[in-house]
Amino acid sequence: MPKQEFQTEVSQLLQLIIHSLYSHPEIFLRELISNSSDALDKLRYLTLTDESLKTLDFSPRIDLTLDEAANTLTVADNGIGMNEQDLIHNIGTIARSGTRNFLSQLSGDAKKDSNLIGQFGVGFYSAFMVADQIEVISRKAGEEQAWKWTSDGKTGFDIEPAERGTQGTTVTLHLNDEGKQYANGWRLQEIVRKYSNHIAFPIFLTYDKSEWNAEEKKSDKVRTTEQVNAASALWRRSKSELTDDDYKELYKSLTGDSEDPLFWFHTKAEGSLEYTTLFFIPAKAPLDLFHADYKVGVKLYVKRVFILDDSKDLLPQYLRFVRGIIDSEDLPLNVSRELLQQNRVLTSIRTASVKKILSELKNVAANEPAKYLEFVGQYNRPLKEGLYSDYANRDTLLDLVRFKSTRVEGLTSLAEVKSRMQPEQKSLYYITGGSESLLRTSPLLEIYKRKDIEVLILDDDFDEIVFAGIDKYDDVDLKSVNKASTSDDLKSDSEPDQAEALKPLLDKLKATLGDRVKDVRASVRLADSPSVIVSDEEEPSLQMQQMLRAMGQKELPTPKPTLEINPDHEIVKKLLARPSDPLTQDAAWLLFDQALLMEGVALQDPASFVQRLNRVLEQSI
Ligand code: ADP
């Protein structure tokens, strides 16, 4: 077959990797070992589940071989292997959707970018930082023919038939100037221990070891093969045996993240079900957190054997930022992927794991507030998704979520807001429907400000939906200030006889606005603004309706909001004093339109609004 050229993205990617990772090119070894480990995991699983592979004699291992004379380093495994197509697809092209995405995310900051490289799995190419020529000889398990893939990493690759005694993959790096430093047995051992010590399979290094020859008083080079990693399933050891560094190292080799995790929760359950879980919270939210095809971060093991790492059923979706391991003693090794969801053992483990993660987070919040702030800085939004989807844990989640508020800078908890309630205050309040700045200046907040009642600012686009379903925190009602019904906390001020006096004006306004409004009435919530829009208890707010319509929901009835006017405002007082002023009609519409504008709702007829405004201006100048 003639030489195949790389897609333009591949060469672009190589250049980016080489430039962004030049500060620690050693991670190429971690990437290759992790590929080998994945290949071994996959084959081990198949030998348990696939009839045709059950008889395979399989002792998984990874072999590093250093040939100083030839200036080559090879990384070999007896894992699942690749056939011709796999080679072209997996390492010859950028087939995976994540990779293009990756390219668009690179920042040029070496540290951040090296993190990304692990996350998006463009690992293999990192070997071109240290090699000017790479050969991959691979034979797929169950097939006879092996294939050789060769490339200089710049122009393209060649592929041709080859021989290989057993299934698996051998990657040979012809080291370049940058790579020469790795033609050193000690250096390689150091790197393996640093990044891959807890890979579950033994890693052997074959190299020329210097040994002291006492007789001849000189050191001899002796060809030696030694196991260089601990190869322990570290999570199965007891907590007391493990140091923070052990955990951090395992986290990094599991995830490819170069930053330490924020914290981790390690649990060993014994009793009716036996299992171990080790969960990590990454310091930075994964970049695909809000992509529908996010990468799952939890791996399932059964009795230390890797089973799968791509099941979205291991944890609820809102905890998709969690990384780690679930290792069960009770599941069968050949547990079928399709039945995972209904598997009772797994359902129990999942339920207990969610409880555990949430309760541990509560501990962090109580004992390490600064760390917890870092956590919510990254993960507040997924926790809110949990409020919506995980009814069973809602109370805990309500304690974990943090809020902006009219009272404090930064974020606050519901417990804190509750503790700051006024002596007479009966409910907790929040406002939704727009950006933070729009909400903070909303006329709806005026009365709360005056009464010194704290209001939560919920400015995430899905907050209204999430909180519409939550009407209590602890024993206190949770109320939206956007809704029409006025609560006990506001009623006290309104004077009953004022209503009588206002009635003719209200009727007039209502007649003018016609079926654009459901009702016009006197407000008890305004201090400085003349008018405001409120929504019905059951109806989505105007903002929400606008959003639903933008998302393609055409069936919605045209919204009919209620307009409230402020009886104490000068404009209203003047209108009341001059019931037959010709400007009353214009004033009605202006009061309505300005209230809409303050809600962040676009006017249906901006031209009329401007005409009215100009008429009024003309009169007043
Ligand atoms: P990632 O491992 O993150 O998917 P890589 O670029 O490192 O990204 O590898 C691309 C793909 O090539 C892998 O997903 C895997 O399918 C295949 N591959 C790489 N190395 C090996 C190996 N040693 N054995 C089998 N398949 C491999």
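Participant: Looking at this model, I keep getting lost on the overall build of the chain. Mind explaining?
Facilitator: The secondary structure content of the chain amounts to 20 helices and 22 strands. By residue count, 52% of the 621 residues in the chain fall in the buried class. Residue pairs in contact within the chain that sit at least 24 positions apart in sequence constitute 70% of those at least 6 positions apart. As displayed, the chain offers around 29500 Å² of accessible surface, 49% of which is attributable to carbon and sulfur atoms.

Participant: Before we go on, may I ask you to explain the nonpolar core in this structure?
Facilitator: Here is a general trend for soluble globular proteins: nonpolar side chains tend to be buried in one another's company. If you look at the biggest cluster of nonpolar residues, it comprises 60 residues, and the most contacted ones within it are Ile-281, Leu-300, Leu-361, Tyr-372, Phe-375 and Phe-467. It is helix α8 (residues 344-367) that provides the largest number of residues to this core, a total of nine residues. Composition of this core by domain shows at least three residues from each of domain 2 (234-367) and domain 3 (391-480). Counting residues in each nonpolar core, the second largest holds 53 residues, with Ala-39, Leu-64, Ile-88 and Trp-147 among its members.

Participant: Help me out: how do you make sense of the sheet that holds strand β2 (residues 62-67) in this one?
Facilitator: Strand pairs in the sheet, formed through backbone hydrogen bonds, run parallel or antiparallel to each other. Taken together, nine strands build an open sheet; the order of strands is β1-β6-β5-β4-β7-β3-β2-β8-β9 and the sheet is mixed. The strands lining the two open edges of the sheet, one partner per strand, are β1 (4-5) and β9 (218-227). As defined by bridge partners, strand β5 (residues 146-151) adjoins strand β6 (residues 156-162) across six bridges and the pair is classed as antiparallel. Paired with Ala-146 across the strands is Ala-162, a residue of β6. Sitting on the sheet, helix α2 (residues 27-49) is in contact with β2, β3 (72-77), β7 (168-175) and β8 (203-213), with an inclination near 25 degrees to β3.

Participant: Just to check I follow, could you spell out helix α20 (residues 606-620) for this structure?
Facilitator: For α20, with 15 residues, the first-to-last C-alpha span of 21 Å sits near the 21 Å given by 1.5 Å per residue. Within α20, burial applies to Ser-608, Phe-609 and Arg-612. Viewed end-on, α20 has its buried residues packed into an arc of 105 degrees, placing them on one side of the element. Contacts made by the buried residues of α20 are with α19 (584-598).

Participant: Would you explain the packing of aromatic side chains in this entry?
Facilitator: The description of an aromatic ring pair uses the distance of the two centres, along with the angle that the planes make with each other. What the rule picks out here adds up to 19 aromatic pairs. Ring geometry for Trp-264 against Phe-280: centres 6.4 Å apart, planes inclined by 55 degrees, an arrangement best described as tilted. Highlighted residues: Trp-264 in strand β10 (residues 263-269) and Phe-280 in strand β11 (residues 275-281), separated in sequence by 16 residues. Neither residue differs from the other here; Trp-264 and Phe-280 are each classed as buried. Between Phe-321 and Tyr-379, the aromatic rings sit 4.1 Å apart at their centres with planes inclined by 20 degrees, giving stacked as the arrangement. On the criterion of sequence distance, the pair formed by Phe-321 in the loop between β13 (305-308) and β14 (323-328) and Tyr-379 in helix α9 (residues 369-389) is long-range, its members being 58 residues apart. A relative accessible area of 0% places Phe-321 in the buried class. Through pairs of rings, three or more aromatic residues link up here, namely Phe-263, Phe-265, Phe-321, Tyr-372, Phe-375 and Tyr-379. Above the face of the Phe-204 ring, Arg-61 is positioned so that its terminal group lies 3.9 Å from the ring centre.

Participant: Help me out: how do you make sense of the side chain of Ser-36 in this one?
Facilitator: By the element assignment, Ser-36 lies in helix α2. Judged by relative accessible area, which is 4%, Ser-36 ranks as buried.

Participant: So what exactly am I meant to see when it comes to the packing of α2 against helix α6 (residues 185-196) here?
Facilitator: The description of two packed helices rests on the angle between their axes and on the distance between the axes. Closest axis-to-axis distance for the α2/α6 pair is 9 Å, and the angle between their directions is 65 degrees. As α2 runs across α6, the sense of the crossing is right-handed. Here α2 contributes Ile-27, Leu-29, Arg-30 and Ile-33 to the contact with α6, which in turn contributes Leu-188, Ile-191, Val-192, Tyr-195 and Ser-196. Of the residues that constitute the contact of α2 with α6, the class distribution is seven nonpolar, one polar and one charged.

Participant: I keep staring at the environment of Val-322 and nothing clicks. Help me out?
Facilitator: On the secondary structure map, Val-322 appears in the loop between β13 and β14. Each C-alpha atom, one on Val-322 and one on Pro-282, is 7.3 Å from the other, the two residues being 40 residues apart in sequence. Aside from chain neighbours lying at most four places away, what touches Val-322 is Phe-279, Phe-280, Ile-281, Gly-297, Val-298, Leu-315 and Ile-357.

Participant: What am I meant to see in the sheet that holds strand β21 (residues 531-534) here?
Facilitator: Strand order in this open sheet of three strands is β20-β22-β21, and the pairing throughout is mixed. With one partner strand each, in any of the chains shown, β20 (519-522) and β21 form the two edges of the open sheet. Between one strand axis and the next, the sheet turns through 25 degrees on average, direction left out of account. Of the strand pairs in this sheet, β21 and strand β22 (residues 562-565) are connected by four bridges, and their pairing is antiparallel. The partner of Val-532 across the bridge, within β22, is Glu-564. Packed on one face of the sheet, α19 meets β21 and β22 and runs near 60 degrees to β21.

Participant: I tried to follow the packing of α19 against α20 on my own but got confused; where do I start?
Facilitator: The contact between α19 and α20 brings their axes to 10 Å, and the two run at 125 degrees. In this view, α19 runs oblique relative to α20, as classed from their interaxial angle. In this structure, the crossing between α19 and α20 has a hand that is left-handed. Within the contact between the two elements, α19 uses Asp-586, Trp-589, Leu-590, Asp-593 and Leu-597 and α20 uses Phe-609, Arg-612, Leu-613, Arg-615 and Val-616. Residue composition of the contact of α19 with α20, by class: six nonpolar, no polar and four charged.

Participant: What is the right way to read helix α7 (residues 244-255) from this model?
Facilitator: In an α-helix, one turn spans 3.6 residues, which is why side chains three or four residues apart end up on the same side. Along its twelve residues, α7 runs 17 Å from first to last C-alpha, staying within 8% of the 16 Å computed at 1.5 Å per residue. Directly after α7, the chain includes Gly-256, whose backbone phi takes a positive value near 80 degrees.

Participant: What exactly am I supposed to notice about the pattern of salt bridges here?
Facilitator: Two side chains of opposite charge can pair, provided their charged atoms sit close to one another. For the structure shown, the criterion picks out 42 salt bridges. The partner of Asp-327 in a salt bridge is Arg-236, with the nearest N and O atoms 2.8 Å apart. In this pair, Asp-327 is assigned in strand β14 and Arg-236 in the loop between β9 and α7, connecting sequence segments 91 residues apart. On the accessibility criterion, Asp-327 (0% relative accessible area) is buried. Between Lys-248 and Asp-260 there is a salt bridge; the shortest N-O distance is 3.7 Å. Of this pair, Lys-248 sits in helix α7 while Asp-260 sits in the loop between α7 and β10, and the two are twelve residues apart along the sequence. Accessibility expressed as a relative area gives 23% for Lys-248, which makes it partly exposed. One continuous salt-bridge network, built from bridges that share partners, spans Arg-381, Lys-384, Asp-460, Asp-461 and Asp-463.

Thresholds, definitions, all that
Residues numbered from 1 in each chain as written. Predicted model: local features only at pLDDT ≥ 70, side-chain atom pairs only at ≥ 80, totals over all residues. Heavy atoms only, no water. Helix = DSSP H or I, 4+ residues; strand = E, 2+ residues; numbered from the N terminus. Buried < 20%, exposed > 50% of the residue type's maximum accessible area, 1.4 Å probe, protein only. Contact = heavy atoms within 4.5 Å. Areas by Shrake-Rupley, 256 points an atom, 1.4 Å probe, with all protein chains shown as cover. Core = buried A, V, L, I, M, F, W, Y, C linked by side-chain atoms within 4.5 Å. Domains from an automatic or database assignment. Pairing = 2+ DSSP bridges. Axes fitted to C-alpha atoms, helices over the stretch in contact; angles between N-to-C directions. Expected span 1.5 Å × (residues − 1). Arc of directions from axis to C-beta. Phe/Tyr/Trp six-rings, centres within 6.5 Å; stacked < 30°, edge-to-face > 60°. Lys NZ or Arg CZ within 6 Å of the ring centre and 35° of its normal. Left-handed = near helix turned anticlockwise from the far one by under 90°. Nonpolar A, V, L, I, M, F, W, Y, C, P; charged D, E, K, R; others polar. Parallel < 35°, antiparallel > 145°, perpendicular 65-115°, else oblique. Salt bridge = Lys/Arg side-chain N within 4 Å of Asp/Glu carboxyl O.

So far we have only geometry, and geometry alone does not tell us how the molecule works.
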